[in-house]
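Chain by chain, the residues run as shown.
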Amino acid sequence: MTQDFDVVAIGSGHNGLVAAAYLAAAGKKVLVLERNEWFGGGVVTRSLTVPGFLHDQHSMAHIFIQANPLLKNDELGLKAKFGLRYAFPELPMMSVFEDGQTLGLYRDRDRTCAEIAKFSQKDAEAYRWLADKAAGYLPMVTASLYTTPAPLGATYALMDQSREGRELWRYMQMSSHDLLCSIFENDRVRMHFARVAGENLVSPDEKSTGFGAFVFVGFLEAFGIGVPVGGSGRLTDALIACIQSHGGQVLGGVDVATVISKGGRAAGVRAVDGREFGAKDAVIGAIHPHDLGTMVEGLPPEIVATAEATQISEIGCITVHAALEAPLKFRAGEHVRAVMIELLPVDYDTLRKSFDRLRYRELVDYPLIGLGSLTMFDASRAPPGKATMHAWDYVPYDRADGKSWDTAKDEYVARMLEHMGRFIENVGPNDVIAYHSDSPVDMERTSSSFRRGDLHGIASTTYQYGAHRPTPDLGQNVVPGCERLYLVGPFQHPGGGVFGAGRAAAIKICDDLKIDFEKVGVRQ
Ligand SMILES: Cc1cc2nc3c(=O)[nH]c(=O)nc-3n(C[C@H](O)[C@H](O)[C@H](O)COP(=O)(O)OP(=O)(O)OC[C@H]3O[C@@H](n4cnc5c(N)ncnc54)[C@H](O)[C@@H]3O)c2cc1C
């Protein structure tokens, strides 16, 4: 071994950094190794276009991490000591329909109801019911997100014991579409919430997606959407500063090839260039289940085979990051100022059919474009008077027309911008100073988590959920056959998104090392 540490983390994604930061705060000698020359994986802010413009290459909206004790109680001092700051705009999400109508989802329930009442008074009342239910479920939801998941069988058995539990279980099995049709009468209102389900890379018609509506509304009302001041990558910066303040190191340009296992226990890692880094206590690995067998020596074949059989979503993502001459001018009016803005057709079935096309690896007829222009809330990201835009659409990884994304990407971006022109006055060639785009293939190149352009690493389905995510063997963040190896990533519970879920791995490691997790961090 060239160098020895207590804990070595493979990958500087925010989940690996969170786990490493807790261990560093617990007094461990920590090293984080990152393949890229930049840090943060999906939580990164980069100058992708022209100088002066900052773009969140992947995540931009920090929603689910807000309830994590990491931030809620500032357990590592990321806010108090390491400069992390959030803006929480009053209007987290707005749907803009092609005919210029809009529907905003505010943190304030009365304002949301007023928006929904533009389409249906009855649906405005139904939203109060949905939001009440969501608020009731929220404590249970948040209690389950930032620790290792409870066993699924026991969870379902518990639900089965009460009327409320059985009702919850039913919502969990319904599709978003079925649930929304049972709650709302108006198609625009249904579409507005169905698009939220789509943000999880699933069609609203996918079974077992219904409960997402309760989770989203519950979070939105209680916490809003956090926009990190300075960019998504400021979370990464704060985590790195925290690790370094405790004597830890974070190294870029180190591509880890193998977890070294001695006597069935992780003992360190070997980089592609041959360097070895010893880990006395633990290795934290952002290892996609499809890579587990090749990266970890000597695992039981059945563990590897089930990991390799995990399924990836059919729906990939393409993004466009633009440096703009001026703030966006929506044809619907100046009131369109939300963190997430969804550009929607006038007819709900058009949206549903677009999701259907993706099943067959076809390009959608009607683009499913969402966008954020966070200079609306954080002027520091662009020169005075200018703006940025982050737009996304859903596409297949393998195209049915056989074209490669590397050659056909710009053609697709031109189509996206043209479509956006129906909603926005100034996204033409004279308005866009420069753009950077990531196809699903590029996304996979930026992080091995985003396999085939799946933002969540693997599909979010019932059989890859909770303690069974990514597989029943690996759901507790540990790897049978290789002790002291702990997995982090969007393919682990609770799934893709900025959750700060590395906290669960840190709890597990602390348990194994007989460290009292409750005493780690600023609580000391
Ligand atoms: C386009 C896009 C938009 C998104 N938008 C949002 C959003 O707005 N809100 C939200 O909550 N979520 C969003 N997400 C999802 C979110 O970004 C991810 O789920 C999250 O960042 C995953 O974090 P992670 O730490 O688990 O993994 P990653 O961020 O993927 O980090 C893993 C890191 O490990 C490194 N690595 C892997 N293997 C090795 C190796 N062998 N050697 C060295 N380094 C290695 C990778 O290079 C990477 O840096 C988005 C994702 C994408 C792609």
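In what follows, the structure referred to is the one given above.
Here's what I pulled together on the structure shown here. Remember, predicted model here, so these are calculated numbers, not experimental data. (Residues numbered from 1 in each chain as written. Predicted model: local features only at pLDDT ≥ 70, side-chain atom pairs only at ≥ 80, totals over all residues. Heavy atoms only, no water.)

### Examining the overall build of the protein chain
Thinking step 1. When you go through the protein chain residue by residue, the secondary structure sums to 16 helices and 19 strands.
Thinking step 2. Over its C-alpha atoms the protein chain spans a radius of gyration of 22 Å, differing by no more than 12% from the 24 Å that the globule rule assigns to 524 residues.
Thinking step 3. Seen through its C-alpha atoms, the protein chain measures out along the principal axes to roughly 65 × 60 × 50 Å.
Thinking step 4. Residue burial in the protein chain is summarised as follows: out of 524 residues, 60% are buried.
Thinking step 5. Look at the contacts in the protein chain between residues 6 or more apart in sequence, and 74% of them connect residues 24 or more apart.
Thinking step 6. Of the roughly 19500 Å² of accessible surface on the protein chain, a fraction of 50% belongs to carbon and sulfur atoms.
Thinking step 7. Averaging the coordinates of the 53 positive side-chain charges in the protein chain and doing the same for the 64 negative ones gives two points 3 Å apart. (Helix = DSSP H or I, 4+ residues; strand = E, 2+ residues; numbered from the N terminus. Rg over C-alpha atoms; globule rule 2.2 N^0.38 Å. Buried < 20%, exposed > 50% of the residue type's maximum accessible area, 1.4 Å probe, protein only. Contact = heavy atoms within 4.5 Å. Areas by Shrake-Rupley, 256 points an atom, 1.4 Å probe, with all protein chains shown as cover. Lys, Arg positive; Asp, Glu negative; His and termini not counted. Charge placed at Lys NZ, Arg CZ, Asp CG, Glu CD.)

### Quick word on the site of the ligand
Thinking step 1. Every one of the 36 residues lining the ligand counts as a neighbour, but Glu34, Gly42, Ser447, Ser449 and Val498 are closest to it.
Thinking step 2. A distance of 3.0 Å separates an oxygen atom of the ligand from a polar backbone atom of Met60.
Thinking step 3. Separating a nitrogen atom of the ligand from a side-chain N or O atom of Ser448 is a distance of 3.4 Å.
Thinking step 4. Coverage of the ligand by the protein amounts to 94% of the 1000 Å² it exposes when considered alone. (Near = heavy atom within 4 Å. Polar contact = N/O pair within 3.5 Å; in protein donor to acceptor, adjacent residues only side chain to side chain.)

### Describing the side chain of Arg195
Thinking step 1. Looking at the element boundaries, Arg195 is found in helix H8 (residues 187-198).
Thinking step 2. Setting aside its immediate chain neighbours within four residues, Arg195 contacts Glu342, Leu344, Leu351, Leu368, Ile369, Gly370, Trp392 and Tyr394.

### Notes on the sheet that holds strand E17 (residues 432-438)
Thinking step 1. One open sheet accounts for 7 strands, arranged E7-E6-E14-E15-E16-E13-E17; its pairing is mixed. Pairing within the sheet leaves two strands with one partner each, and these edge strands are strand E7 (102-105) and E17. Taking each pair of neighbouring strands and ignoring which way they run, the sheet shows an average axis angle of 20°.
Thinking step 2. One ladder, built from 2 bridges, connects strand E14 (residues 340-344) with strand E15 (residues 370-372); its direction is antiparallel. Its bridge partner being in E15, Ile341 is matched across the sheet by Leu371. (Pairing = 2+ DSSP bridges. Axes fitted to C-alpha atoms, helices over the stretch in contact; angles between N-to-C directions.)

### Structural notes on the packing of aromatic side chains
Thinking step 1. Inspection of the entire model under this criterion finds 17 aromatic pairs.
Thinking step 2. Measuring from ring centre to ring centre gives 5.6 Å for Phe219 and Phe223, while their planes differ by 40°; the resulting arrangement is tilted. Here Phe223 and Phe219 lie together in helix H9 (residues 212-223), a separation of 4 residues that amounts to about one turn. Take Phe219 and Phe223: they sit in the same class, and that class is buried.
Thinking step 3. Grouped by ring-pair contacts, the aromatic residues Trp129, Tyr137, Tyr171, Phe211 and Phe214 constitute a single cluster. (Phe/Tyr/Trp six-rings, centres within 6.5 Å; stacked < 30°, edge-to-face > 60°.)

### Let's talk about the environment of Gly497
Thinking step 1. Here Gly497 lies in the loop between strand E19 (482-487) and helix H16 (502-512).
Thinking step 2. Each C-alpha atom of the pair Gly497 and Val227 lies 14 Å from the other, and the pair is 270 residues apart in sequence.

### Concerning helix H10 (residues 233-245)
Thinking step 1. For H10, with 13 residues, the first-to-last C-alpha span of 18 Å sits near the 18 Å given by 1.5 Å per residue.
Thinking step 2. All of the buried residues along H10 are Gly233, Leu235, Thr236, Ala238, Leu239, Ile240, Cys242 and Ile243.
Thinking step 3. Buried residues in H10 make contact with helix H1 (14-25), strand E2 (30-33), strand E3 (45-46), strand E4 (55-56), strand E5 (86-87) and strand E9 (249-251).
Thinking step 4. In the stretch just after H10, Gly247 is the one whose phi turns positive, near 90°. (Expected span 1.5 Å × (residues − 1).)

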